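# Structural overview
Read off the chains here:
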Amino acid sequence: MTSAGLAFRVDDATGRLFVGGIDPGRWHDGDESRLTAALAEAGFGEWAIDPREMAVLLEAMGDAEAELTEREFPIARRMDGSFRLTLDARKHTATLLITPPRGGAAVNEEVVRQAIAQQSIVHGLDEGALVATVQAGRMERSEAVIARATPPIHGRDTEFESLIPEARRRMPHIDERGRADYRDLGEVPQVSPGTPLMRRHPATSGTHGTNLLGQVIPARPGREFPFAAVLRNVAPTPDDPALLVATIAGAPVVVPRGVIVEESLQVDKVDLSSGNLSFEGSVLIRGDVVSGMKVTASGDIIVNGMVEGAVLEAGGDIQVRHGVVGQLHLNEQQDGKAGPTASLKAGGTVTAHFLENARVQAAQVVVQEQVFHCRINATYSIVVGSTAARKGQIVGGVVRAGELIECRLLGSPAAPHTQVVAGVDPELRDQFRALEQRIEQQTHLAEELSRSLHFAKLHPERVAADFLRRADNTLVEAQGHIRELELGKESLLAQMGRSEGACILVRQRIYPGVEVWIGDRPRRIESESVGGVFHLREGELFLDHTPS
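Right, let's walk through the structure included here. (Residues numbered from 1 in each chain as written. Predicted model: local features only at pLDDT ≥ 70, side-chain atom pairs only at ≥ 80, totals over all residues. Heavy atoms only, no water.)

## A few points about the overall build of the chain
Counting its secondary structure elements, the chain contains six helices and 39 strands. Looking at the chain as a whole, 42% of its 548 residues qualify as buried. Counted over contacts in the chain with a minimum sequence separation of 6, partners at least 24 positions apart contribute 49%. As displayed, the chain has an accessible area near 28800 Å², and 50% of this comes from carbon and sulfur atoms. (Helix = DSSP H or I, 4+ residues; strand = E, 2+ residues; numbered from the N terminus. Buried < 20%, exposed > 50% of the residue type's maximum accessible area, 1.4 Å probe, protein only. Contact = heavy atoms within 4.5 Å. Areas by Shrake-Rupley, 256 points an atom, 1.4 Å probe, with all protein chains shown as cover.)

## A short note on the nonpolar core
Ranked by internal contacts, the top residues of the largest apolar core, which has 55 residues, are Val 289, Leu 312, Leu 355, Val 365 and Phe 534. No other element matches the 11 residues that strand 31 (residues 358-384) contributes to this core. Filtering out sequence-adjacent residues up to four positions away, Val 289 remains in contact with Val 270, Val 295, Val 303, Met 306, Val 307, Glu 308, Ala 310 and Leu 312. Ranked by size, the runner-up nonpolar core spans 20 residues in total, among them Phe 8, Leu 68, Phe 73 and Ile 75. (Core = buried A, V, L, I, M, F, W, Y, C linked by side-chain atoms within 4.5 Å.)

## A look at the pairing of strand 17 (residues 240-246)
By the criterion of burial, strand 17 is predominantly enclosed, with five of the seven residues buried. Where strand 12 (residues 196-201) and strand 17 come together, three bridges link them in antiparallel fashion. When the sheet's bridge partners are listed, Met 198 is paired in strand 17 with Leu 244. Sheet topology note: the strand 16 (residues 234-237)/strand 17 ladder contains four bridges and is antiparallel. Note on strand 17: the bridge partner recorded for Val 234 is Ala 246. Counted between consecutive antiparallel strands, the loop separating strand 16 from strand 17 contains two residues. (Pairing = 2+ DSSP bridges.)

## As for helix 3 (residues 109-118)
Within the span of helix 3, buried status applies to Val 112, Ala 115 and Ile 116. Within helix 3, the buried residues cover an arc of 105° as seen down the axis, which keeps them to one side. Among the exposed residues of helix 3, those oriented more than 90 degrees off its buried face are Glu 110, Ala 117 and Gln 118. Each element contacted by the buried residues of helix 3 is listed here: strand 6 (82-87), strand 7 (93-99), helix 4 (127-136) and strand 8 (142-148). Between the side-chain oxygen of the N-cap and the backbone nitrogen of Glu 110 there are 3.1 Å, and the N-cap of helix 3 in question is Asn 108. (Arc of directions from axis to C-beta. Polar contact = N/O pair within 3.5 Å; in protein donor to acceptor, adjacent residues only side chain to side chain.)

## Description of the pattern of salt bridges
For the structure shown, the criterion picks out 17 salt bridges. Ionic pairing is found between Lys 269 and Asp 271, a salt bridge with its closest N-O pair at 3.4 Å. Given the relative accessible area of 44%, Lys 269 is considered partly exposed. Judged by relative accessible area, which is 13%, Asp 271 ranks as buried. When salt bridges with common partners are traced through the structure, they connect Glu 109, Arg 113 and Glu 127 into a single cluster. (Salt bridge = Lys/Arg side-chain N within 4 Å of Asp/Glu carboxyl O.)

## Re the packing of helix 1 (residues 32-41) against helix 2 (residues 51-61)
Relative orientation of the contacting elements helix 1 and helix 2 amounts to 115°, with a least axis distance of 11 Å. Taken as a pair, helix 1 and helix 2 cross one another with a handedness that is right-handed. Of the residues in helix 2, those touching helix 1 at Glu 32, Leu 35 and Thr 36 are Met 54, Leu 57, Leu 58 and Met 61. (Axes fitted to C-alpha atoms, helices over the stretch in contact; angles between N-to-C directions. Left-handed = near helix turned anticlockwise from the far one by under 90°.)

## Some details on the sheet that holds strand 7
With antiparallel pairing, three strands are arranged side by side in an open sheet as 6-7-8. With partners counted over all chains shown, the strands left at the sheet margins are strand 6 and strand 8, one partner each. Pairwise comparison of adjacent strand axes, ignoring direction, gives a mean angle of 20° for this sheet. On top of the sheet, helix 3 reaches strand 6, strand 7 and strand 8; it is set at about 25° to strand 6, its chief contact.

## Things to note about the sheet that holds strand 12
Spatially, 10-12-17-16 is the arrangement adopted by the four strands of the open sheet, whose pairing is antiparallel. Edge positions in the sheet fall to strand 10 (159-162) and strand 16, since each has one partner strand and no second. The mean angle between the axes of side-by-side strands here comes to 30°, regardless of whether they run parallel or antiparallel.

## Considering helix 1
All of the buried residues along helix 1 are Leu 35, Ala 38 and Leu 39. End-on, the buried residues of helix 1 take up no more than an arc of 100°, which puts them together on one face. Along helix 1, the residues that are exposed and aim more than 90 degrees away from the buried face are Ser 33 and Glu 41. Trailing helix 1 by a residue or two, Gly 43 shows a phi angle of about 90°, which is positive.

## Re the packing of aromatic side chains
For the structure shown, the criterion picks out three aromatic pairs. Arranged with centres 5.6 Å apart and planes meeting at 40°, the rings of Phe 8 and Phe 44 form a pair that is tilted. Of this pair, Phe 8 sits in strand 2 (residues 6-11) while Phe 44 sits in the loop between helix 1 and strand 4 (48-49); the two residues are 36 residues apart in sequence, bridging distant segments of the chain. The class of Phe 8 is buried, set by a relative accessible area of 5%. In this structure Phe 44 comes out as buried when scored by relative accessible area, which is 10%. Note on Phe 44 and Trp 47: the rings are 5.1 Å apart at their centroids and 90° apart in plane angle, and the pair reads as edge-to-face. Directly above the ring of Phe 18 sits Arg 9, whose terminal nitrogen or CZ lies 4.5 Å from the centroid. Positioned above the aromatic ring of Phe 542 is the side chain of Arg 537, whose terminal nitrogen or guanidinium carbon lies 4.2 Å from the ring centre. (Phe/Tyr/Trp six-rings, centres within 6.5 Å; stacked < 30°, edge-to-face > 60°. Lys NZ or Arg CZ within 6 Å of the ring centre and 35° of its normal.)

The following block contains the structure:
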């Protein structure tokens, strides 16, 4: 056929398009855009142009002396659509990739189904995805997953369901983002004998899946766990060994793989009329704990009133519904300053509405409103200010936590000295250096003793008769000291290693007079600023501001 001064011929055997019969008068300048338009006008616009042959033709057109009338140039090729069907290594997905035709025939559904059969795909075919991909592949490159295996549903491990939702937990509660939720405190319920406490749900075997070839994908069975071996004051029911019930009245506490009931001592208040309390279990105080008194419990201590300048020590949690108000004892000096009389020490979490002039040591500390001139040491976190708090403020004192300190306001406009430390306590650095020095001294001593023993064994006549025995005993003792010191060094390193991830989060304002430490990196705040996050980055202390 002829169009625009060009003759087009298709070789049906090879599918190649030849251009010939070129009119030099119309095609003397070798314009590629004109040539492409002529191909489209002649109905070959979708064909695959050969760039090299196109360049040869354009060069010939630009040569005034070239004889073009009798020559043909194989400028393009007719190409059918193509496809590729790929199975992943596990035979869980099949992906169809279709390349559209270039002047040739499009991929049709029938040939794709033949390929599906050849690859033995008999399960999980998505008919809608298959048809849509084939249709889209007529016009443009199209790729989609057209078959999916049915995955197995793996078995669940044994589950221990607490039947007392508000029961306290002696283990961290982890939220959906994998972080410890230090605000999830709950109430302290009381149970009577026979109260159902926990049900054990056995592990499940799961449901097998099926791959694209129809083969079974085995489900992983859940792991079976019994109740913990030692659970105090609970027992399974005679007719249902998977159900634990209380055997005494007390406070239920959820523990790993079970629940216990702690005996509960309840008193109206702790003062001179009650005397100091020491109890194996939990203590519930309906009123106040007055100044000068001491309460010790192996479980939790719950105070529904105030704590004045008293001492509370609990193996579990300490919860003070109102606040803790101590005084500065002028006869007790700490770092040149008077120390607080109120003291709270807990193996778990200390919670209170506010803390004033108090010394606190716990795993976590959660305060509703304010921490005022306190000395607090928390293994993990200190959180001051709930979402409903009016202040959420830390003012004065020394507040230290291993991982996180969080508050709304840090310091106050009056600029009292306030020290907050997250991560490695600077004192740990001194302890670490002292340990290294002691290890070096003991190592030097052991080396000297080893040399002396070697000499004595070679020249026994030159040393005292009991030298070998005494030197050998001293060497064994020195080596034992080195091992103990190395264990202590490893423990300190583990504590210090937490500083890289430690941070201090201030949600609203930071005031002057505040001294911030992350690990061994300090920063003193000289002027008021919006809140932010103090953290270490490549060993340096940064404050990333957040909107106020």
